[in-house]
Amino acid sequence: MSTSDLPKESGPAGGWGSLRGIGRIARNAAAAPGALDTLRRQNKPGGLMCMSCAWPKPANYHPFEFCENGAKMTLWELTSHRCTPAFLAEHTVSALRERTDHELEAQGRLTAPMRYDPDTDRYVEIGWEEAFSGIAAALNRIEPDSAVFYSSGHAGLEASYLYALFARLYGTNNLPQSSNMCHETTSVGLKRVIGSPVGTIVWEDLDETELIMFFGQNPGTNSPRFLHPMKALKDRGGSIITFNPMREQGLVSFVDPQDLSAMVTGDETVISDQYHQVKAGGDIGALMGLCKAVLEADDAARRDGGARVLDAAFIAEHTTGFEGFAAELRETDWADIERTSGLGEAAIREAARAYMSTDKVIAAYGMGLTQQAHGWLNIALLTNLMLMRGNIGRKGAGITPVRGHSNVQGQRTVGIAEKTALIPMDRLRALFDFEPPQKDGMHIVDAVEGMADGRVKATISLGGNLLRAVPDRDLMERAWPRQELTVMISTKLNRSHLFPGKAAYILPCLSRAEEDIQESGPQAVSIEDSFAMIHGSIGHRTPAADTLKSELAIVAGMAKATLKPNPRVTWDAWTADYGTVRALIEQTYPDDFRDFNERLHQPGGFYREIGAHYRKWNTDSGKAVFTTPERLDALDFGDRPGRYRLVTVRSNDQFNTTVYGYSDRFRGVEGTREVVLMNEADIAEAGLERDQSVTLVCDFDDGRDRRLSGMKVIPYDLPRGTVVSYFPECNVLVPIGHHDKLSKTPAGKAVPVRIEPDARA
Ligand SMILES: Nc1nc2c(c(=O)[nH]1)N[C@H]1C(S)=C(S)[C@@H](COP(=O)(O)OP(=O)(O)OC[C@H]3O[C@@H](n4cnc5c(=O)[nH]c(N)nc54)[C@H](O)[C@@H]3O)O[C@H]1N2
Ligand SMILES: Nc1nc2c(c(=O)[nH]1)N[C@H]1C(S)=C(S)[C@@H](COP(=O)(O)OP(=O)(O)OC[C@H]3O[C@@H](n4cnc5c(=O)[nH]c(N)nc54)[C@H](O)[C@@H]3O)O[C@H]1N2
Ligand SMILES: [Mo]
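Note that this is a predicted model, so its numbers are computed, not measured.

Engineer: Looking at this structure, how should I read the domain arrangement of the protein?
Structural biologist: Accessible area lost when the parts come together is the quantity often used to give the size of an interface. Taken domain by domain, the protein consists of domain 1 (3-77), domain 2 (82-182 + 407-598), domain 3 (184-402) and domain 4 (644-757). Taking only C-alpha atoms into account, the centre of domain 3 sits 26 Å from that of domain 4. Listed per partner, the contact involves 27 residues of domain 3 and 26 residues of domain 4. Between domain 3 and domain 4, roughly 2,200 Å² of surface is buried when both sides are summed, and carbon and sulfur atoms account for 59% of that area. When the area that domain 3 buries against domain 4 is broken down by residue, the three leading residues are Met-246, Ala-280 and Gln-371, summing to 26%. Across the contact surface, domain 3 and domain 4 share one salt bridge. Across the salt bridge formed by Glu-248 and Arg-667, the nearest N and O atoms sit 2.9 Å from each other. Inspection of the region where domain 3 meets domain 4 yields 10 residue pairs in polar contact (both at pLDDT 80 or more). Within the residue set of the side of domain 3 that touches domain 4, elements represented by two or more residues are helix H9 (184-194), helix H11 (219-222), helix H19 (367-370) and helix H20 (375-388).

What follows is the structure, given as structure tokens:
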């Protein structure tokens, strides 16, 4: 097998391929007339704020301020297909389980509230009031702490605030969120080291920076609008350095689909100046190497009387723990760094030289760092690297976790959190005259374990597809239907609907792109982006069905039916005018949401002042913290022959569990998702062949058998020992106990697996 046979990266990120990708989804989903008009207004004041990722929306927007994947998401939601009660009457739930994720969602928008009927194994239509009272009755039969209120980071701030309030008035802090599987490592890790649970940069920093270092994030697919400031950085002579086991096209080269001349000439911008294919789970080692090279350069400068490399004044004034960390760096051998990172000393030193060449560096990262068994150490060490030269809280510099769902960060800001310490309980007590529950609630990992052992008796889901998104899918599919109650507030049919609890409801909601008219008139909702900017969003499309309710109205409807009346708690008035909910958010979080209603549609959003951005460190010591790691490898399992590190990633044709299609064009994988990408030498050493069908077997010693068969071997440019396949299919292989030690974020990025050949047909 020669390298020329490897799947071809089909051209640069962006370019004509991205326009063809959008067109294909528009056709498949039969996007309703006028959907393109919605795109034109996307991410601009008075328009729709993207329903896909949380990438910021600049005040100086482009004529088309949307990307390939934001457009796909909008067109997918504005489909003219409908998943009607008639369709659900025709098919049993067992039969629907045979369908793929793609087929389920491709059925189109849900149109009516449905209840599961175990006698016929079908969902049947019911009225809204009947649904609300059925849910209330089930909730009132169980202990509040046995109910889980999940949310996927989609719903706006208003609905999210009321959802968290509903859970607490009912009596529980069980408010796990999709970020528990995502950037929880950031929320816990960054909070610990810089006192802010979110990133420190704002838009102007991107305009000023001279170097961006990318760790484990794939902008070409997952935050394509990031490619514009990246290209601008390259155009003004700056650099980009990437650490990623895979050569991701968006980090290699880019043609701006909004630049006519570049499109016509095919003029590509080279994105990464250096590309380091670190092995999966190897970033702790790589970051120690970078920091060691910086320290050595500073030692040399001091010896030779040159200018200091470290920002000694910053370290002295603003940080703690540097001496211990420096001692550890001196004791760490380059040989161990090379072994654990899979990178050579010379390559790491080259990256360190670039890092030291400017004082305007931004570190950007994603799931490659957070979804690791010692993921918080990745975050802490990346912070160490930045702190060594004062690259936090300075213009053009900072650390930026690239967040997932469009409002995932905002939901946390307004109270969706299982940890009581994060919630201003006194204000809630005063505002609503009740005693909020004192006990910390369940994280996703606790909730999954609770379902498995029967402690969790009800799950309500504000969006999402939890059953499909969490680890240990087989275990979940057995445990989930044993619950007394499952409620899904959804726009599309998904696999979580097909494992109904004893009482089970699907409540269909408006999409954010649709007009939301309540008693006081049309409503706006709001979201918080990755840079902690708050934006109003207005839907203009006609709703997919006139039976749909908004997420806020559904939350209020369930709450009103479930809870005893309380004169301070006015669900109907809040539903009639979302401005009243924004006023409550402002009263609960006055520092973050000053003049919320007045500033709702400010171009570019308004900033929720983040302490670390101003070098205010909200940590125990009042300083930023250098962390001394006790280990170099993110995995507790040693490497050994035949054991690989499985990385689960997203394709360019999906949004999490929503699979738009089967084209991962940047990676050259077409027509199937049942593949395992492997290094050619690993294939040969294992005695396998290209296209051979294999079974991935989880190599985690807890007595449970986890396997996934029928996976086709594809040779790919990857480090030895790192193999790659797709989420969510691979979740059957990920053990729930394999998670970050501090934040419990499931470690989907380095799962130990063996590979066994399937019997030949
Ligand atoms: N189109 C689209 N956009 C999305 C999503 C989507 O599914 N589709 N999902 C949204 C959500 S919820 C999220 S959280 C974000 C996710 O966006 P990303 O953070 O980009 O997540 P992944 O696709 O999981 O890819 C992680 C990247 O990490 C790399 N990686 C894996 N292991 C390691 C490692 O050990 N070290 C390093 N340095 N790199 C590693 C992988 O090769 C991959 O490039 O995107 C959001 N945006
Ligand atoms: N192995 C592995 N597992 C992972 C990951 C990984 O990289 N690897 N990534 C993790 C990450 S980062 C995340 S964020 C989670 C994602 O987990 P979730 O957030 O739970 O899953 P999604 O796939 O985003 O949810 C899709 C469903 O949301 C519903 N939906 C879409 N739009 C709306 C809306 O506007 N309102 C409402 N109410 N519902 C809507 C639709 O019914 C759709 O079927 O998965 C995690 N799981
Ligand atoms: Mo995410």
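Right, picking up where we left off after that structure.
Engineer: Honestly, the layout of surface pockets in this entry has me stumped. Any pointers?
Structural biologist: Rolled over the atoms, a probe with the dimensions of a water molecule shows which regions are left empty. Space inside the largest pocket adds up to approximately 1,100 Å³. Of all elements in the fold, only H9 and helix H21 (408-413) reach the threshold of two or more residues within the lining of the largest pocket. Here the element with the most residues in the lining of the largest pocket is H9; it accounts for four residues. Class assignment for the residues of the lining of the largest pocket results in 12 nonpolar, eight polar and 11 charged.

Engineer: Before we go on, may I ask you to explain the sheet that holds strand E20 (residues 525-528) in this structure?
Structural biologist: Neighbouring strands of a sheet are bound in pairs by backbone hydrogen bonds; such pairs are parallel or else antiparallel. Spatially, the three strands line up as an open sheet ordered E20-E21-E22, and their pairing is antiparallel. Both outer strands of the open sheet, E20 and strand E22 (606-607), are each paired with one neighbouring strand and no more. Where E20 and strand E21 (residues 533-537) come together, four bridges link them in antiparallel fashion. From the neighbouring strand, Glu-528 faces E21, where its bridge partner is Ile-534.

Engineer: Help me out: how do you make sense of the pairing of strand E33 (residues 751-757) in this one?
Structural biologist: The two faces of the sheet receive side chains in turn, since in a regular strand these alternate between them. Where strand E24 (residues 644-649) lies against E33, three bridges are found, and the strand directions are antiparallel. Within the sheet, the bridge partner assigned to Tyr-644 lies in E33 and is Val-753. The pairing of strand E30 (residues 693-698) with E33 spans five bridges and is classified as antiparallel. Paired with Cys-698 across the strands is Val-753, a residue of E33.

Engineer: Help me out: how do you make sense of the site of ligand 2 in this one?
Structural biologist: In the region of ligand 2, 32 residues are neighbours, and Glu-105, Tyr-150, Glu-551, Thr-657 and Asn-731 sit closest. A distance of 2.7 Å separates an oxygen atom of ligand 2 from a polar atom in the side chain of Glu-105. Relative to its unbound accessible area of 930 Å², ligand 2 is 96% covered by the protein chains. Counting only elements with at least two residues in the shell around ligand 2, the list comes to helix H24 (466-469) and strand E16 (485-490). In this structure, the shell around ligand 2 is formed jointly by two domains, domain 2 (82-182 + 407-598) and domain 4 (644-757), each of which donates at least three residues.

Engineer: Which parts of the structure should I look at to understand the site of ligand 1?
Structural biologist: Close to ligand 1 lie 31 residues, the nearest being Glu-248, Gly-281, Asp-283, Gln-654 and Asn-656. Between ligand 1 and Gly-281, the relevant distance is 2.7 Å, taken from an oxygen atom to a main-chain nitrogen or oxygen of the residue. Note that an oxygen atom of ligand 1 is positioned 2.9 Å from one of the side-chain N or O atoms of Arg-650. Compared with its free state, where it exposes 920 Å², ligand 1 has 99% of that area covered by protein. Of all the elements in the fold, those that place two or more residues in the shell around ligand 1 are H11, H19, E24 and strand E25 (654-655). Partitioned by chemical class, the residues of the shell around ligand 1 number 11 nonpolar, 15 polar and five charged.

Engineer: Would you explain H9 in this entry?
Structural biologist: In an α-helix, one turn spans 3.6 residues, which is why side chains three or four residues apart end up on the same side. Most of H9 sits inside the fold, with eight of its 11 residues counted as buried. When H9 is considered as a whole, its buried residues turn out to be Glu-184, Thr-185, Thr-186, Ser-187, Gly-189, Leu-190, Val-193 and Ile-194. Those residues of H9 hidden inside the fold are in contact with strand E13 (361-365), H19, H20, strand E14 (398-401), H21 and strand E23 (624-625). Phi turns positive, to about 80°, at Gly-195, one or two residues after H9.

Engineer: Looking at this structure, how should I read the nonpolar core?
Structural biologist: In a soluble, globular protein the nonpolar side chains are often hidden away together inside. One finds Leu-139, Tyr-161, Phe-432, Leu-507, Met-558 and Trp-571 to be the most contacted residues of the largest nonpolar core, which totals 62 residues. Here this core gets 10 residues from one element, more than from any other, and that element is helix H8 (residues 157-170). Those residues within four positions of Met-558 in sequence are excluded, and the remaining contacts are Phe-132, Ile-135, Phe-166, Ile-460, Val-487, Ile-489 and Leu-507. Ranked by size, the runner-up nonpolar core spans 57 residues in total, among them Ala-363, Ala-380, Leu-382 and Ala-624.

Engineer: What am I meant to see in the pattern of salt bridges here?
Structural biologist: Pairing between side chains becomes possible if they bear opposite charge and their charged atoms approach one another. One pass over the structure, following the stated rule, counts 51 salt bridges. Between Glu-158 and Arg-582 there is a salt bridge, with its nearest N and O atoms 2.7 Å apart. Highlighted residues: Glu-158 in helix H8 and Arg-582 in helix H28 (residues 578-588), separated in sequence by 424 residues. Since its relative accessible area comes to 0%, Glu-158 is described here as buried. For Arg-582, a relative accessible area of 6% corresponds to the buried category.

What counts, and where the lines are drawn
Residues numbered from 1 in each chain as written. Chains lettered and ligands numbered in written order. Predicted model: local features only at pLDDT ≥ 70, side-chain atom pairs only at ≥ 80, totals over all residues. Heavy atoms only, no water. Domains from an automatic or database assignment. Contact = heavy atoms within 4.5 Å. Buried area = accessible area lost by both parts, 1.4 Å probe. Salt bridge = Lys/Arg side-chain N within 4 Å of Asp/Glu carboxyl O. Polar contact = N/O pair within 3.5 Å; in protein donor to acceptor, adjacent residues only side chain to side chain. Helix = DSSP H or I, 4+ residues; strand = E, 2+ residues; numbered from the N terminus. 1 Å grid on protein atoms, 1.4 Å probe; cavity = no way out; pocket = protein on both sides within 12 Å on 5 of 7 lines; lining within 4 Å. Points joined across faces, edges and corners; volume = space filled by probe spheres on them. Nonpolar A, V, L, I, M, F, W, Y, C, P; charged D, E, K, R; others polar. Pairing = 2+ DSSP bridges. Near = heavy atom within 4 Å. Areas by Shrake-Rupley, 256 points an atom, 1.4 Å probe, with all protein chains shown as cover. Buried < 20%, exposed > 50% of the residue type's maximum accessible area, 1.4 Å probe, protein only. Core = buried A, V, L, I, M, F, W, Y, C linked by side-chain atoms within 4.5 Å.

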